[in-house]
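# Descriptive analysis of the structure
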Amino acid sequence: DRHVAAARYLRREIGNKRVAAGALDNIANVVGDQGDLASARRLAEESLALFREIGDKAGQAEALNNIGAGLVIAGDLRAARESFERAIPLYQEIGDEGGRAIALNNVAELQWSEGDPAGAAKSFEESLSTFRALGQNSRTVYPATGLATVRAETGDLAAARALLA
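To start, this report covers the structure provided alongside it.

### So, helix α6 (residues 97-113)
Counted at 1.5 Å a residue, the expected span for α6 with its 17 residues is 24 Å, and the 24 Å between its end C-alpha atoms agrees. Listing the buried residues of α6 in full gives Gly-98, Gly-99, Arg-100, Ala-101, Ala-103, Leu-104, Asn-105, Asn-106, Val-107, Ala-108, Leu-110 and Gln-111. Its side-chain oxygen 3.4 Å from the backbone nitrogen of Gly-98, Asp-96 forms the N-cap of α6. With its phi angle positive at about 85°, Gly-115 sits one or two positions after the end of α6.

Next comes the structure, spelled out in structure tokens:
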């Protein structure tokens, strides 16, 4: 694909690894959305390697989160959770609390699907409180809905209703 070739050209000929890594990560997302999960993963891993090489922790965190999302679609939930969990401390280290909250929400979804309601509730709560503290109210819908589902399915309907009120 010409976009992948262009990203690799940027890295090889121009030496701009940051732009190349970002381009590869974006292309991986598009390729994954088009259903080519194997190519998307290869591109995302290449992007992650470049971000590591240049010490770009924000890029690494984003790439890991994107890799995790692709692994969820591919059905490899264990590897997806590991990828999300590796992104969380990177987001925290660079001060990207919004990114950390997204990754926490992703982990919570997987904890819930793995049959760990206590872990899911804790992760959803942390994600929700972080989004609220950041004033990112539009993003609270995901952890609030997830937490409400956990509360309802574990018998606490009043807490579920309160979250969705």
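### A short note on the side chain of Gln-60
Along the chain, Gln-60 turns up in helix α4 (residues 57-74). Given a relative accessible area of 10%, Gln-60 falls into the buried group. Once residues lying within four places of it in the same chain are set aside, the contact partners of Gln-60 are Leu-48, Phe-51, Arg-52, Gly-55 and Leu-90.

### Some remarks on the side chain of Thr-130
Note that Thr-130 resides in helix α7 (residues 117-134). The class for Thr-130 is buried, based on a relative accessible area of 9%. At a separation of 3.3 Å, a polar atom in the side chain of Thr-130 contacts the side chain of Arg-100. Once residues within four sequence positions are removed from consideration, Thr-130 is found in contact with Glu-97, Arg-100 and Ala-101.

### Comments concerning the environment of Arg-41
Here Arg-41 is to be found in helix α3 (residues 37-54). Classification of Arg-41 as partly exposed rests on a relative accessible area of 39%. The sequence separation of Arg-41 and Ala-121 amounts to 80 residues, and the corresponding C-alpha distance is 29 Å. When near neighbours in sequence (up to four residues on either side) are disregarded, Arg-41 contacts Ile-67 and Leu-71.

### Observations regarding the environment of Asp-96
Inspection of the secondary structure assignment puts Asp-96 in the loop between α5 (77-94) and α6. For the pair Asp-96 and Ala-58, spaced 38 residues apart in sequence, the C-alpha separation works out to 8.2 Å. Aside from chain neighbours lying at most four places away, what touches Asp-96 is Glu-62 and Tyr-91. A distance of 3.4 Å separates a polar side-chain atom of Asp-96 from the backbone nitrogen of Gly-98. At 2.7 Å, the side chain of Asp-96 forms a polar contact with the backbone nitrogen of Gly-99.

### Regarding the pattern of salt bridges
Applying the stated rule across the entire model yields ten salt bridges. For Glu-82, the salt bridge goes to Arg-78, with nearest N and O atoms at 2.7 Å. Taken as a pair, Glu-82 and Arg-78 lie in helix α5 at a separation of four residues, close to a single helical turn. With a relative accessible area of 39%, Glu-82 lands in the partly exposed category. The exposed category is assigned to Arg-78, whose relative accessible area is 53%.

### Re the packing of α4 against α5
Orientation of α4 relative to α5, taken along the N-to-C sense of each, is 160°, at an axis distance of 8 Å. Considering their axes alone, α4 and α5 lie roughly antiparallel with respect to each other. Here the hand of the crossing between α4 and α5 comes out left-handed. Of α5, the residues touching α4 (which contributes Lys-57, Ala-58, Gln-60, Ala-61, Glu-62, Leu-64, Asn-65, Ile-67, Gly-68, Ala-69, Leu-71 and Val-72) are Leu-77, Ala-79, Ala-80, Ser-83, Phe-84, Arg-86, Ala-87, Leu-90, Tyr-91, Glu-93 and Ile-94. When grouped by side-chain class, the residues that make up the contact of α4 with α5 number 15 nonpolar, four polar and four charged.

Criteria and thresholds
Residues numbered from 1 in each chain as written. Predicted model: local features only at pLDDT ≥ 70, side-chain atom pairs only at ≥ 80, totals over all residues. Heavy atoms only, no water. Helix = DSSP H or I, 4+ residues; strand = E, 2+ residues; numbered from the N terminus. Expected span 1.5 Å × (residues − 1). Buried < 20%, exposed > 50% of the residue type's maximum accessible area, 1.4 Å probe, protein only. Polar contact = N/O pair within 3.5 Å; in protein donor to acceptor, adjacent residues only side chain to side chain. Contact = heavy atoms within 4.5 Å. Salt bridge = Lys/Arg side-chain N within 4 Å of Asp/Glu carboxyl O. Axes fitted to C-alpha atoms, helices over the stretch in contact; angles between N-to-C directions. Parallel < 35°, antiparallel > 145°, perpendicular 65-115°, else oblique. Left-handed = near helix turned anticlockwise from the far one by under 90°. Nonpolar A, V, L, I, M, F, W, Y, C, P; charged D, E, K, R; others polar.

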